[in-house]
Protein chains: 2
Amino acid sequence: MKIAVVTIGDELLNGEVVDTNTALIARALRCEGYVIDQAITLPDQPQEIATTLQVLNKQGSAVLVSGGLGPTRDDLTARAAAQAFHLTLSLNELALRQIEAFFDKAGKPMPPGNEKQALIPHKAQVMENRCGTAPGFIITHNRCPLFFMPGVPHEMEAMLHQQVIPALRRQLAPTLFCGERVVKVFGLPESDIERQLPASLFPDSVALSFRLEYPLVLVKLNTSGKQESDLDDAERLVCERLRHHVVARGNQTLPQVVHQLLCNAEVTLSLAESCTGGMIATLLTDQAGSSAYLERGAVTYANSAKHDWLGIPNELLLKKGAVSAECARGMANGIRQRARTDYALAVTGIAGPGGGTAEKPCGTVFIALATPQGTDIRECHFSGDRAQVRTKTAYTALDWLRRTLSGD
Amino acid sequence: MKIAVVTIGDELLNGEVVDTNTALIARALRCEGYVIDQAITLPDQPQEIATTLQVLNKQGSAVLVSGGLGPTRDDLTARAAAQAFHLTLSLNELALRQIEAFFDKAGKPMPPGNEKQALIPHKAQVMENRCGTAPGFIITHNRCPLFFMPGVPHEMEAMLHQQVIPALRRQLAPTLFCGERVVKVFGLPESDIERQLPASLFPDSVALSFRLEYPLVLVKLNTSGKQESDLDDAERLVCERLRHHVVARGNQTLPQVVHQLLCNAEVTLSLAESCTGGMIATLLTDQAGSSAYLERGAVTYANSAKHDWLGIPNELLLKKGAVSAECARGMANGIRQRARTDYALAVTGIAGPGGGTAEKPCGTVFIALATPQGTDIRECHFSGDRAQVRTKTAYTALDWLRRTLSGD
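Basis of the calculations
- Residues numbered from 1 in each chain as written.
- Chains lettered and ligands numbered in written order.
- Predicted model: local features only at pLDDT ≥ 70, side-chain atom pairs only at ≥ 80, totals over all residues.
- Heavy atoms only, no water.
- Salt bridge = Lys/Arg side-chain N within 4 Å of Asp/Glu carboxyl O.
- Helix = DSSP H or I, 4+ residues; strand = E, 2+ residues; numbered from the N terminus.
- Buried < 20%, exposed > 50% of the residue type's maximum accessible area, 1.4 Å probe, protein only.
- Contact = heavy atoms within 4.5 Å.
- Axes fitted to C-alpha atoms, helices over the stretch in contact; angles between N-to-C directions.
- Parallel < 35°, antiparallel > 145°, perpendicular 65-115°, else oblique.
- Phe/Tyr/Trp six-rings, centres within 6.5 Å; stacked < 30°, edge-to-face > 60°.
- Lys NZ or Arg CZ within 6 Å of the ring centre and 35° of its normal.
- Arc of directions from axis to C-beta.
- Domains from an automatic or database assignment.
- Buried area = accessible area lost by both parts, 1.4 Å probe.

Student: Can you help me understand the pattern of salt bridges in this one?
Tutor: Charged atoms that come close allow side chains of opposite charge to pair. Following the criterion strictly, the structure yields 35 salt bridges over all chains and no others. Put simply, Glu194(A) and Arg73(B) hold a salt bridge, and the shortest N to O gap is 3.0 Å. In this pair, Glu194(A) sits in helix H7 (residues 190-196) while Arg73(B) sits in the loop between strand E3 (61-66) and helix H4 (77-84), so the two residues belong to two different chains. Overall, Glu194(A) belongs to the buried group, its relative accessible area being 12%.

Student: Any chance you could explain the environment of Ala302(A) here in plain terms?
Tutor: The topology assignment puts Ala302(A) in the loop between strand E14 (294-299) and helix H11 (303-310). Separated by 131 residues in the primary sequence, Ala302(A) and Gln171(A) place their C-alpha atoms 67 Å from one another. Setting aside residues up to four positions removed in sequence, Ala302(A) forms contacts with Leu294(B) and Glu295(B).

Student: So what exactly am I meant to see when it comes to the packing of H11(A) against helix H13 (residues 325-339) of chain A here?
Tutor: Geometrically, a packed helix pair is captured by the angle between its two axes and the distance between the axes. Residue and element names in this part refer to chain A. In contact at an axis separation of 9 Å, H11 and H13 are set at 45° when each is read in the N-to-C sense. Between H11 and H13, the crossing angle belongs to the class labelled oblique. From H11, Lys306, Asp308, Trp309 and Leu310 reach across to H13, where they touch Cys327, Gly330, Met331, Gly334, Ile335 and Arg338.

Student: Mind showing me how you'd approach the packing of aromatic side chains here?
Tutor: What characterises a pair of aromatic rings is the spacing of the ring centres plus the angle enclosed by the ring planes. Tallied over the full model, the rule gives seven aromatic pairs over all chains. Centroid distance Trp309(A) to Trp309(B): 4.0 Å. Interplanar angle 10°. Geometry classified as stacked. Taken together, the residues span two chains, with Trp309(A) in helix H11 and Trp309(B) in helix H11 (residues 303-310). Measuring from ring centre to ring centre gives 6.0 Å for Phe102(B) and Phe103(B), while their planes differ by 90°; the resulting arrangement is edge-to-face. The positively charged end of Arg296(B) is found above the aromatic ring belonging to Trp309(A), 4.7 Å away from the centroid.

Student: It is not clear to me how H11(A) should be interpreted in this structure. Could you clarify?
Tutor: Because each turn of an α-helix spans 3.6 residues, side chains separated by three or four positions end up pointing in the same direction. All names here are of chain A. By the burial criterion, the buried members of H11 are Ala305, Lys306, Trp309 and Leu310. Along H11, the residues classed as buried sweep out an arc of 100° about the axis, all on the same side. After H11 finishes, the residue Gly311 shows a positive phi value of roughly 70°.

Student: Explanation requested: the domain arrangement of chain A in the structure shown.
Tutor: How big an interface is tends to be stated in terms of the accessible area lost upon association of its parts. All names here are of chain A. Under the domain assignment used here, chain A contains domain 1 (2-171), domain 2 (179-249) and domain 3 (254-406). Look at where the C-alpha atoms of domain 2 and domain 3 centre, and you get two points 30 Å apart. Taken together, the contacts link nine residues of domain 2 with 10 residues of domain 3. Buried surface at the junction of domain 2 and domain 3, both sides included, amounts to about 840 Å², of which 66% is carbon and sulfur. The largest per-residue losses of area from domain 2 upon contact with domain 3 belong to Phe186, Tyr214 and Val247, which jointly make up 58% of the total buried on that side. Where domain 2 touches domain 3, the interface holds zero salt bridges.

Following this line, the structure appears as C-alpha cells:
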C-alpha cells in the first residue's frame, strides 16, 4: 500500500499560504517508519477533489487529507469525499455532539454555521477534534483507508498523532527503519563532495543524498535496513573522507559548534567586523550563554571607528586601504588588546554591489584571527551577491575559529 | 490550458524541507493573472516523475517543474523528462557553456560532476541560470509547455521571472487580473488589526487577508476585479486606520525603510547593542550603501566593554545593573559622543532563557535613542523565546528611529 497526502485549499494554490501540513505529516509518518509516495495540493473544488481521491484509492494508496472541513461555504471536502465513493452526506450525531461539546467548553453558544461540520459521509468513522470544531473522519474503500483531517495545523497535528497514525499502524506495517545521519560540510562544492563519496563505498542499505543549505552542503545518510551500525560506519566514513570540511552533524549549526568549543575551552573572544556588519556577533549571541566568552564586538564601518577603537593608524588606512591584509591584522590585534581576550576575529572586505575596484573587486575579503600564539591573515575572493558574500565571510571566519579551537 | 506545478525532491516528502517553491510560483503567476489548478510533490524517482509528467501533459496542462537538476546522483529530473517524452539525453553545448561561464565568473575551474547538468533532453530549449549551475529547459509536447527549473528557491525565482513567465505569456492568456497590495504592520496584535479593518469598510471587489510574518503582521489586499483604483483606496484606508503602526508596504522591509530615511536625511548613526548582540547592525548593513550613515556599532556584552567604550561608570553598573534605564541612557550618549554621530541607538536587556530575576524577568529590555534634541528611554517587556525577544527588541528600536526620522 502506498501513502499519499492531499492538502486542500485555494489559499495554498494562490500563494497566500505556504503548505506546512505536508511536511508536518511527512515528518510524523517518517518517525513511524512510513514514507510518503506523493503529495498533491488541490483547490476547494469538489469535482477535482473527488476525482483525485478516486484515482489515489484505485492506485491502492492510503490517503491523508487535510483541509476543507471548516464551517464556511468554501469548505467542500466532506461533500467531495461522499461524491467520490457514492456515499450520502448525513448529519452525524456523534460529530454534532463533539462540536456542541467544544463550544460548551469554550462557554460559547454554537453558531448555526457549525452544524454543517457534522455532515459526514454515511458509514464514515468519526475522529474527534479536541482542538477545534471540525471533526475528522475515516472512509475505507477497496480496503484502503482515507483519513480526512482539518487544515488548521495544530488541529491536524493533534488528530494525526492521536487517531490517524494509530489507525494507520493497524492496517499498514512500517516500510522502513528510519535511521538518519546528517553531516554538514563547508568549503567544498557539492560536486567535489559527491566525487569523494562514491556510492560504491557504502552498503546498499544506506542511501546517500546531498542538499544545499547555503552556505553549507548537507550529506544525508538514510537506511531502510535495520542496521543502526551501518549508519554509524557510513557516517564515520563520510567524516574521514571530508575531514576538516565537516563543520557540524545532525541538528547542530556551525555557530553552535563554535559556541560549544569556546565554552569548553573557557577562552574569551572579541570581534571586529567591517563588511559583515555584526553578523558574526549575531550568529554567536543567538546562542544562550554566549556572554561566557564574548567580551565585545566592534562594527567598525567608518575609518574613524577603526582608528579610535582598534588603533589602526590613519596612514595605513590611506596607504593600504581599509580592505587590506594589514588593516585586518591591525583590527584583530587592536580589538584583542583592548578587549584583553584570548582570541579575536576581524573581517574587512567589499560585500558589494558597489565599492569594487580593478585590483580589489567585490567579494574581496581579508580575515584575521589573533590568538595567544600570534595573528594570521587570509585573503578570500567570494562570488555571489552582497548577502552571499557577507554570509560566506562570517562562516569562513567562524570555521577558521572552529578549526583552531578543535585542532581540526 | 490548465497549469500544474510539480516540485521534486525526497526532502519534500520526508519532512526535512517545507516546500516554499509552490507558493512562490503561485504568487508570481497570480500577479500575472494565472491560477494554478494543482500542485504535486514527487520523490527523486524517474519512473514516478515521468508518469506524472505524461499524465499532466495529456490533461493539457502547462507544467512548471522545480527541483532535481543538481549535479549529484540523486538529481534525476532531466532523465525522467527525457524518458516521459521518449527523448534522448544529450550533452547540450549551450548549457555546458553557461555552466562553464558560471564557474569562470566565480574564478573557479568547473568540477567534472557539473558536466552532468548539461545533459538535457534532445530538442529541449535551454533556459540560462544566472544564479547557479543548473540550467533549466523547456519541452513542448502536445502543444503544452513543460518548464524545468532548479529547486534552489532564489535560482528558481530568477528563472521564473526572467524566462518562464515571459514564455508562458506567449502561449497562454492570463485568466484573471489580479492586483495586490501589502501593508506591513508592527506593534499591533492581529486581532486588534482585524477589529480596526472590518470587511464592511471595503468594496466587494477587494479581498482582505492577514498573515503573520514575525514580528510583523501583513495586511494583504487582493482584487480579481479590474479596478486598480479600488486597491489604491483600500490601501489608503488601511494606512489611515493603522496610522503609525504601518512600517512598510509592498516588498519593503522595516530595515530598508529606516535605511532609506537615514540616507535621505543625510544624518549619521551609531549603535550600542547588548542583548541584540549586533542584530540591529546586521539588519542595517544588509542594505547596500549603509556605510553612508553607519559610523560604528558596539556589541558591548561585557561590563568592561560598556565601561571602556561607552564610558558607563562602574558604580552605575554595580548600583543599577547593566539592564537598566540609566545604563541604556549612558550607552546611547556614550556611543553618540565617541562616534560623533547625529543619532545613536542603544539596547540592553535580558534575552533569556537564563539571567532573569524577580524584578527584571527575561524579556525586560531598555532601549535608548539619542538625538540632537536629547535622549529618550523606553522600558519594554517582551514575551517569547530568546530569538523572539532579540528580534522584537531590534524591530522596536528600528521602528522608533523610523518614527523619529519620518515624524510619524
